[in-house]
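Residues per chain, in single letters:
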Amino acid sequence: MDTDLVVRAQRGDQQAFTRLLGPIYERLHQIAYRMLRDRPLAEEAVQQAALRIWIGLPKLRDPERFEAWTYRLVVNACYSEARRRKRRLSEVHGLATHEPIVRDEFGRIHDRDQLERGFARLSMDQRAVVVLHHYLDMAVDDVADVLGIRRGTARSRLNRAISRMREVLEAEQRGLVQGAQEVSR
Amino acid sequence: MTTDQQAHEALRALVREPVALREDGLDSVLAAVQRTPQARTRLPHIDGWWSQPLFGATRFAIAAAIVALFGGFLLVAQPFDRVSVTVPGAQTEGLPPVIGPAGNGLIAFSRDGDIFVGDPVSGTTTAIVSGPASDTEPTFSPDGTHIAFVRVAADWDRNDPPPPWEIHVVRPDGSDERAIEGANSLELTREGTWVGFGWTPDSAGIVVNHITGDRGSPGEAGRLTLFDLSGAAGPWLLTPPLPPQMTQCGYLCGDVGGLFRPPNGDRILYVFARPHPGGRDPGHLDPYVAVIDPDGTDREILANRTFMIENGFGDAEMADPSWSPDATRILVKLGFNGPPPESLWPAFLMDADGSDIRRVDGYGPWSPDGSRIAFEE
């Protein structure tokens, strides 16, 4: 991150602002989509985050922290959009289409809907930790710093997310076994 | 049995799965921002906007009298059959009376492309702006000292490209007419332009919702800009110089309706449009009704195309949203892209949070107590 650009943007240089935003825009969008699992909501979240970046930039004390700070703002914007989604049902644009299966590093093939359902059971707090940790490859301690939470809290959220996902996968396996037994009868 | 490690990896795989979101290039973004004429400036603080005792007791009494006069004038002078609908569920008690158009007893209107001011007491009508240009949408400032209006060149539709639409101001006696520099809007490709404006509560500024940038370029985008009436400061962008891939059709473009939420102006109501998120038809813009804080933050979409279809309004355009006097409800005018549904409803009402949507028979100004809506039939 070019701190000089940050300083210039803080002083009102529009060109510097867009040069800052351009490289991280896609990343912010990906974070928002991964947390919200909904394209229109993710777009809204990124726009809201960009507004807050623009307005809050002069108050950013440490230019070195610019990128991490934008992550926090986009996560916060995702919280806002998620709350709005709960309150309203109007946004029903279809979810993105993906490959129907996901293969993990063990070569296991999971049903994508099952995984999505598992992810949907995670709280937004848990999703934020999971996305920053796994998508951005941030250490859990760094995730805690970005989100402004204690490191133990970040670890706890990650562990709970894993537990929930495990529950879902186990339910999936039970269903497969049960189905196989019924077929064999 | 699934282990935590397996669950961990499944979660990791899901989160790291490649997702193609938008493919817009950034080069055009930077070029567009460089063309943005406004300098980045801190916003004025909104606290001062209601420092004047606009709703003081004296003005209250004067306002009530003016409203009564204004109502009488409408009944006598307006050339259309004017009817009204009762707002479902509206409260009719405990609401403050509305100050007349400007609290000065005068009414501004346009006719044949000229601006007039009518005095309901004396019955006189004075043309204050005339000429070949088409001048419309005269709107008094809250303090009654100025009238803002939209000017379109007389040969607007014979030029290619058409000249921009402009926002002008003039005093009620016709003096001091001038354009607000920079407060203009490009012609929008589909159906004329979208330019909306509204006065700040202290009458010191005008917020304009307009299209800027080079026509047809990636930088052509909607913006919400606050102009200082005196020209001594600003203008201020209420939106950041966002790249087009973030602004889509324009982060803000379209009508600014009732504008600032009464009584303290803490939310701006407006409509905008942008391409359908799924890329259904790049040329088709989906309408949205939204509110935003005056500093450009906390945008909330209250209604969109999907919302309209789900509620039985069809593929409707939305325009001219306005707050009820007590700010509990929002009235939105409707239009239709294709064949209208069997029962065409010209407008709908919803609560300020976008809930409890209801059809209404007409679109027009609210009664002072918010219980009725007047419209032309």
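Keep in mind it's a predicted model, so treat the numbers as computed, not measured.

1. Remarks on the confidence of the model for chain A
Residues and elements named next belong to chain A.
Moving on, step 1. Summing up the model confidence of chain A, the mean pLDDT is 78 and the portion of residues at 70 or higher is 79%.
Moving on, step 2. Between the elements of chain A, mean pLDDT differs from a low of 46, seen in strand β1 (residues 101–103), to a high of 92, seen in helix α6 (residues 124–135).
Moving on, step 3. Overall, residues 88–109 carries pLDDT values under 50, and its contacts beyond four positions in sequence, including any with other chains, amount to 61 contacts.

2. Topic: the packing of α6 of chain A against helix α7 (residues 140–147) of chain A
All names here are of chain A.
Moving on, step 1. Across the interface, α6 lies against α7 with an axial gap of 9 Å and an inter-helix angle of 125 degrees. Taken together, the axis directions place α6 and α7 in an arrangement best described as oblique. Crossing of α6 against α7: the hand is right-handed. Seen from α6, the contacting residues are Ala128, Val129, Leu132 and His133; seen from α7, they are Val140, Val143, Val146 and Leu147.
Moving on, step 2. For the contact of α6 with α7, the residue count by class is seven nonpolar, one polar and no charged.

3. Thoughts on the packing of aromatic side chains
Moving on, step 1. One pass over the full model with this rule turns up two aromatic pairs over all chains.
Moving on, step 2. Between phenylalanine 66 of chain A and tryptophan 69 of chain A, the aromatic rings sit 6.1 Å apart at their centres with planes inclined by 50 degrees, giving tilted as the arrangement. Separated by three residues within a single helix, phenylalanine 66 of chain A and tryptophan 69 of chain A lie in helix α4 (residues 66–87), roughly one turn from each other. Neither phenylalanine 66 of chain A nor tryptophan 69 of chain A differs from the other in exposure class; each is buried.
Moving on, step 3. An angle of 15 degrees between the planes, with centres 5.6 Å apart, marks the rings of phenylalanine 109 of chain B and phenylalanine 116 of chain B as stacked.
Moving on, step 4. Arginine 37 of chain A extends its terminal NZ or CZ atom over the ring of phenylalanine 119 of chain A, reaching a point 5.1 Å from the ring centre.
Moving on, step 5. The positively charged end of arginine 39 of chain A is found above the aromatic ring belonging to tyrosine 33 of chain A, 5.9 Å away from the centroid.

Cut-offs applied
- Residues numbered from 1 in each chain as written.
- Chains lettered and ligands numbered in written order.
- Predicted model: local features only at pLDDT ≥ 70, side-chain atom pairs only at ≥ 80, totals over all residues.
- Heavy atoms only, no water.
- pLDDT = per-residue confidence, 0-100.
- Helix = DSSP H or I, 4+ residues; strand = E, 2+ residues; numbered from the N terminus.
- Contact = heavy atoms within 4.5 Å.
- Axes fitted to C-alpha atoms, helices over the stretch in contact; angles between N-to-C directions.
- Parallel < 35°, antiparallel > 145°, perpendicular 65-115°, else oblique.
- Left-handed = near helix turned anticlockwise from the far one by under 90°.
- Nonpolar A, V, L, I, M, F, W, Y, C, P; charged D, E, K, R; others polar.
- Phe/Tyr/Trp six-rings, centres within 6.5 Å; stacked < 30°, edge-to-face > 60°.
- Buried < 20%, exposed > 50% of the residue type's maximum accessible area, 1.4 Å probe, protein only.
- Lys NZ or Arg CZ within 6 Å of the ring centre and 35° of its normal.

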